[in-house]
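Structural description and commentary
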Amino acid sequence: MGWLDSLLGRSKPVKPDLDALFALPSAAVTLQAATGLVPTGLGSVSFRAAEGGAFATVESDVKALLGGRVEESDDGYGYTWLLVRRAPDDVGDLVTELHAVNSSLESAGFGPSLLCSLVSFADPAGRRLAVVYLYKRGTFYPFAPLPGNRRDNALELQARGVLDGELPLEADLGRWFPVWGAPGL
């Protein structure tokens, strides 16, 4: 960062740390103990698909690597989602596969296309929560949807308190973007 950037109050963007995803399995245990929310075995990666053969090859390779455990869908905002399915008690393997998808796209030069990754949780009462990793910020935040495109703010704040110290959390609540209709949530 140059002196002009400092003078104008600009900051250098945080470099994403995909290895932070590997903290999710232990955070899942903490979250379950504190809230009763258990992993669903579902996780997804969101990215903006690029045109061209190179991107198609990477996407095809990722799908071949994950086999029948992956489903592709598009949302109304121009993003593609890859939903990965594992056994609910297999959070470690789920995170490894989400990391592989992110790393494959990043190493092929498509890192700027990555939006987020999420792992979903639920409880017997029907509460749902996603722990979302924001690729461009290198941070996590909880997202708890309710019917009618509303959010369970109390659950999100409770999860933040539980996950503090377990994961690098997004401090700016204004960046806790809703991921309505995200596959697996």
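No experiment lies behind these values; they were computed from the predicted model shown.

**Focus: the overall build of the protein**
Broken down by element type, the protein carries 5 helices and 8 strands. Seen in sequence order, the protein has helices and strands lined up from the N terminus as α-α-β-α-β-β-α-β-β-β-β-β-α. Taking 2.2 N^0.38 as the reference for a compact globule, 185 residues should give roughly 16 Å; the C-alpha atoms of the protein span a radius of gyration of 17 Å, in line with that estimate. A total of 185 residues make up the protein; the buried ones form 43% of that total. The contacts in the protein between residues at least 6 apart in sequence include a share of 65% that link residues at least 24 apart. Accessible surface, the protein: about 9,100 Å² in total, of which carbon and sulfur atoms supply 56%. Here the protein contributes 16 positively and 22 negatively charged side chains, and the mean placements of these two sets differ by 6 Å.

**Regarding the packing of helix H3 (residues 53-66) against helix H4 (residues 91-110)**
Axis separation between H3 and H4 bottoms out at 10 Å; the angle between their running directions is 160 degrees. For the element pair H3 / H4, the angle class is roughly antiparallel. Relative to H4, H3 is oriented so that their crossing is right-handed. Two secondary-structure elements touch here, H3 through Ala-54, Phe-55, Val-58, Val-62, Leu-65 and Leu-66 and H4 through Glu-97, Ala-100, Val-101, Ser-104, Leu-105, Ala-108 and Phe-110.

**Considerations on the confidence of the model for the protein**
With 91% of its residues at a pLDDT of 70 or more, the protein shows a mean pLDDT of 90. Looking at the elements of the protein, mean pLDDT is at its lowest for helix H1 (residues 3-7), recorded as 56, and at its highest for strand S6 (residues 139-143), recorded as 98.

**Here we look at the nonpolar core**
Counting residues in each nonpolar core, the largest one holds 39 residues, and the members touching the most others are Leu-129, Val-131 and Phe-140. Looking at this core, the elements that each hand over two or more residues are helix H2 (24-35), strand S1 (38-47), H3, strand S3 (80-85), H4, strand S4 (114-122), strand S5 (128-134) and helix H5 (153-163). For this core, the leading source of residues is H4, giving 7 residues. If we skip the residues at most four places from it in the chain, Leu-129 touches Leu-31, Leu-37, Val-119, Ser-120, Phe-121, Pro-142, Phe-143, Ala-144, Leu-155, Ala-159 and Leu-185.

**Some points on H5**
Three- or four-residue spacings in an α-helix give side chains the same orientation, since the helix completes a turn every 3.6 residues. Taken as a whole, H5 has its buried residues at Leu-155, Glu-156, Ala-159, Val-162 and Leu-163. On an axial view of H5, the arc spanned by its buried residues comes to 125 degrees, and they lie on one face. Away from its buried face, by an angle of more than 90 degrees, H5 presents the exposed residues Ala-154 and Gly-161. In the core, the buried residues of H5 are packed alongside H2, S5, S6 and strand S8 (150-151). Directly beyond the C-terminal end of H5, a positive phi value near 95 degrees is found at Gly-165.

**What about the packing of aromatic side chains?**
Across all of its chains, the model carries 5 aromatic pairs by this definition. Seen from their ring centres, Tyr-133 and Phe-140 are 4.9 Å apart, and the 55 degrees between their planes marks the pair as tilted. Relative accessible area serves as the criterion here: at 1%, Tyr-133 is assigned to the buried category. With a centroid separation of 5.2 Å and an interplanar angle of 75 degrees, the aromatic rings of Phe-143 and Trp-180 are classed as edge-to-face. A residue pair is termed long-range when its members are at least 10 positions apart, and Phe-143 in strand S6 and Trp-180 in the segment after H5 qualify at 37 residues. Put simply, the rings of Phe-47, Phe-55 and Phe-110 touch in pairs and so form one group of aromatic residues. A cation over a ring is seen here: Arg-48 above Tyr-79, with NZ or CZ 4.3 Å from the ring centre.

Conventions used here
Residues numbered from 1 in each chain as written. Predicted model: local features only at pLDDT ≥ 70, side-chain atom pairs only at ≥ 80, totals over all residues. Heavy atoms only, no water. Helix = DSSP H or I, 4+ residues; strand = E, 2+ residues; numbered from the N terminus. Rg over C-alpha atoms; globule rule 2.2 N^0.38 Å. Buried < 20%, exposed > 50% of the residue type's maximum accessible area, 1.4 Å probe, protein only. Contact = heavy atoms within 4.5 Å. Areas by Shrake-Rupley, 256 points an atom, 1.4 Å probe, with all protein chains shown as cover. Lys, Arg positive; Asp, Glu negative; His and termini not counted. Charge placed at Lys NZ, Arg CZ, Asp CG, Glu CD. Axes fitted to C-alpha atoms, helices over the stretch in contact; angles between N-to-C directions. Parallel < 35°, antiparallel > 145°, perpendicular 65-115°, else oblique. Left-handed = near helix turned anticlockwise from the far one by under 90°. pLDDT = per-residue confidence, 0-100. Core = buried A, V, L, I, M, F, W, Y, C linked by side-chain atoms within 4.5 Å. Arc of directions from axis to C-beta. Phe/Tyr/Trp six-rings, centres within 6.5 Å; stacked < 30°, edge-to-face > 60°. Lys NZ or Arg CZ within 6 Å of the ring centre and 35° of its normal.

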